[in-house]
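A look at the structure
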Amino acid sequence: MGSVGVKEFLALDWAVEPGVPATTEVAGLTDLASAKAWLTEAAPALRAALHEHGAVYLRGLPITSVEDFGQVRDTLMPARTPYREKATPRSDFGNGVFSSTDLPAAQAIRMHNENSYTLTFPGLLMFSCLIAPPEGGATPVADCRKVLHALPPSLVAKMRAHGWLLNRSYSEHISIDWQTAFAAKTPEDVERYCAENLISCQWHDDGHLRTSQRRPGVITHPVTGAEVWFNHLAFWNEWSLDEELRETLIDEFGRDDLPFNTALGDGTPLTREEMAALDAAYESATMRQRWQPGDLLLVDNILCTHGRDPFRGNRKIVVAMGEPVDVVDCAPTVQPAEKAVR
């Protein structure tokens, strides 16, 4: 441990400003050993802050490499959650550490709860900045308690009653192939996974795969008791696509073979107006902080969504997922289920 005693840091002073996640400045920790000791002692206070705010920034930690981040992860989050049902490209740095998402820098990433479509998902996410971009590139977060309260009651009632559907079509040409998505070598591996995880799957004559699954979209935090909006309904809906791209994909592949599409759990399509209401609700609850090297962002994955702003220049944000949670332990208003694939 460094020259500054751990006990001096335990009274955390959170700066809470409109539109900015709760942030605390950590001073005097100049080496990783002292940082890990401080984080161990501060863990209960950090957990309390997470339950209150949903996401918190720690600024000033001496995290300079993937290896440093892995040690910090093991200090705060020893129980890891595998990355299942892959949907976006990531770099795997080993030891359970990944890049945040390897999509083009000019592309914004919409708000989402990590792996909301899997039966077991990470309860806690950790992000850290190794290289801060000169422009843009924030990781915005949105409080799912506020999102739920901001949505039209009619849409919330539909979600409570029916949940939501995720439909996927796997192709090496326009999306992730099934081998990558399921970490599978054979169709039998996919079928086994789907049977165990309440996912319907259908193979077509040309060899491509479609899957469908119903999941709850309103759940309750198992510790705080807060009810939240928790899903990918807006993230992968066809209305989230650029209009020209949407029309091109539908013309080329049809709605049934879009790489991703969502609907309410009874199959009712989301309307353009409902999509606009979802965007507005997320925007009203969104907070962001400009990254600085060494920053650590903790996100309670049930209480908060996260996304990514477009950026210019070099950016390296690493992420780890842990504290697995079973959706059935979150008082879902709808039980997960398979859904017949058309």
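Here's what I pulled together on the structure shown here. (Residues numbered from 1 in each chain as written. Predicted model: local features only at pLDDT ≥ 70, side-chain atom pairs only at ≥ 80, totals over all residues. Heavy atoms only, no water.)

1. Here we look at a negative patch on the surface
- A cluster of acidic residues, D242, E244, E247, D251 and E252, forms a negative patch at the surface.
- If you trace the backbone, D242 turns up in the loop between β14 (227–229) and α7 (243–253). (Patch = residues over 30% accessible without salt bridge, like charges linked within 9 Å, V, L, I, M, F, W, Y side chains within 5 Å. Areas by Shrake-Rupley, 256 points an atom, 1.4 Å probe, with all protein chains shown as cover. Salt bridge = Lys/Arg side-chain N within 4 Å of Asp/Glu carboxyl O. Lys, Arg positive; Asp, Glu negative; His and termini not counted. Charge placed at Lys NZ, Arg CZ, Asp CG, Glu CD. Helix = DSSP H or I, 4+ residues; strand = E, 2+ residues; numbered from the N terminus.)

2. Side note on the pairing of strand β20 (residues 316–326)
- Taken together, the two bridges between strand β5 (residues 97–99) and β20 define a ladder with antiparallel strand orientation. If you follow F98 over to β20, its bridge partner there is V319.
- One ladder, built from 10 bridges, connects strand β7 (residues 120–131) with β20; its direction is antiparallel. Considered in β20, the bridge of I131 is made with K316. (Pairing = 2+ DSSP bridges.)

3. A word on the pattern of salt bridges
- Scanning all chains against the criterion turns up 17 salt bridges.
- Where E227 meets R160, a salt bridge forms, and the shortest distance between an N and an O atom there is 2.6 Å. Of this pair, E227 sits in strand β14 while R160 sits in helix α4 (residues 153–162), and the two are 67 residues apart along the sequence.
- Assessed through its relative accessible area of 29%, E227 is described here as partly exposed.
- Here E243 makes a salt bridge to R246, at a shortest N to O gap of 3.4 Å. Taken together, the positions of E243 and R246, both in helix α7 and three residues apart, correspond to about one turn of that helix.
- Its relative accessible area of 7% is what places R246 among the buried residues.
- Among the charged side chains, a network of salt bridges with common partners joins E238, E243, R246, R255 and R272. (Buried < 20%, exposed > 50% of the residue type's maximum accessible area, 1.4 Å probe, protein only.)

4. Overview of the sheet that holds β5
- With mixed pairing, eight strands are arranged side by side in an open sheet as β1-β2-β3-β17-β7-β20-β5-β4. Edge strands, defined here as strands with exactly one partner in the open sheet, are β1 (15–17) and β4 (92–94). The average undirected angle you get between the axes of adjacent strands in this sheet is 25°.
- Sitting on the sheet, helix α1 (residues 32–53) is in contact with β1, β2 (20–25), β3 (55–59), β7, β17 (296–300) and β20, with an inclination near 145° to β3. (Axes fitted to C-alpha atoms, helices over the stretch in contact; angles between N-to-C directions. Contact = heavy atoms within 4.5 Å.)

5. Points about the nonpolar core
- If you look at the biggest cluster of nonpolar residues, it comprises 30 residues, and the most contacted ones within it are W38, L46, L58, L61, L296 and L298.
- Going through the elements one at a time, α1, β3, α2 (66–76), β7, β17 and β20 are the ones with two or more residues in this core.
- In terms of residue count, the dominant contributor to this core is α1 (eight residues).
- When residues no more than four places from it in sequence are discounted, the contact partners of L58 are W14, T24, W38, L39, L46, G294, D295, L296 and L298. (Core = buried A, V, L, I, M, F, W, Y, C linked by side-chain atoms within 4.5 Å.)

6. Considerations on unusual backbone geometry
- Even without being a glycine, N95 presents a positive backbone phi close to 60°.
- Within the secondary structure, N95 sits in the loop between β4 and β5.
- Residue classification places N95 among the partly exposed positions, given a relative accessible area of 45%.
- In this structure, A183 is a non-glycine residue whose phi angle is positive, near 50°.

7. Considerations on the layout of surface pockets
- The calculated volume of the largest pocket comes to roughly 680 Å³.
- Taken together, 23 residues line the largest pocket, and the ones lying closest to its centre are L103, Q107, W236, L241 and F260.
- Secondary-structure elements contributing two or more residues to the lining of the largest pocket are β6 (109–112) and α7.
- Among the residues making up the lining of the largest pocket, the classes are represented as 15 nonpolar, five polar and three charged. (1 Å grid on protein atoms, 1.4 Å probe; cavity = no way out; pocket = protein on both sides within 12 Å on 5 of 7 lines; lining within 4 Å. Points joined across faces, edges and corners; volume = space filled by probe spheres on them. Nonpolar A, V, L, I, M, F, W, Y, C, P; charged D, E, K, R; others polar.)

8. Description of helix α6 (residues 187–196)
- Buried within α6 are the following residues: V190, Y193 and C194. The arc that holds the buried residues of α6, viewed along the axis, is 95°, so those residues lie on one side. Looking at α6, the residues exposed on the side facing more than 90 degrees away from the buried face are A195 and E196.
- A positive phi of about 55° marks L198, the residue just after α6. (Arc of directions from axis to C-beta.)

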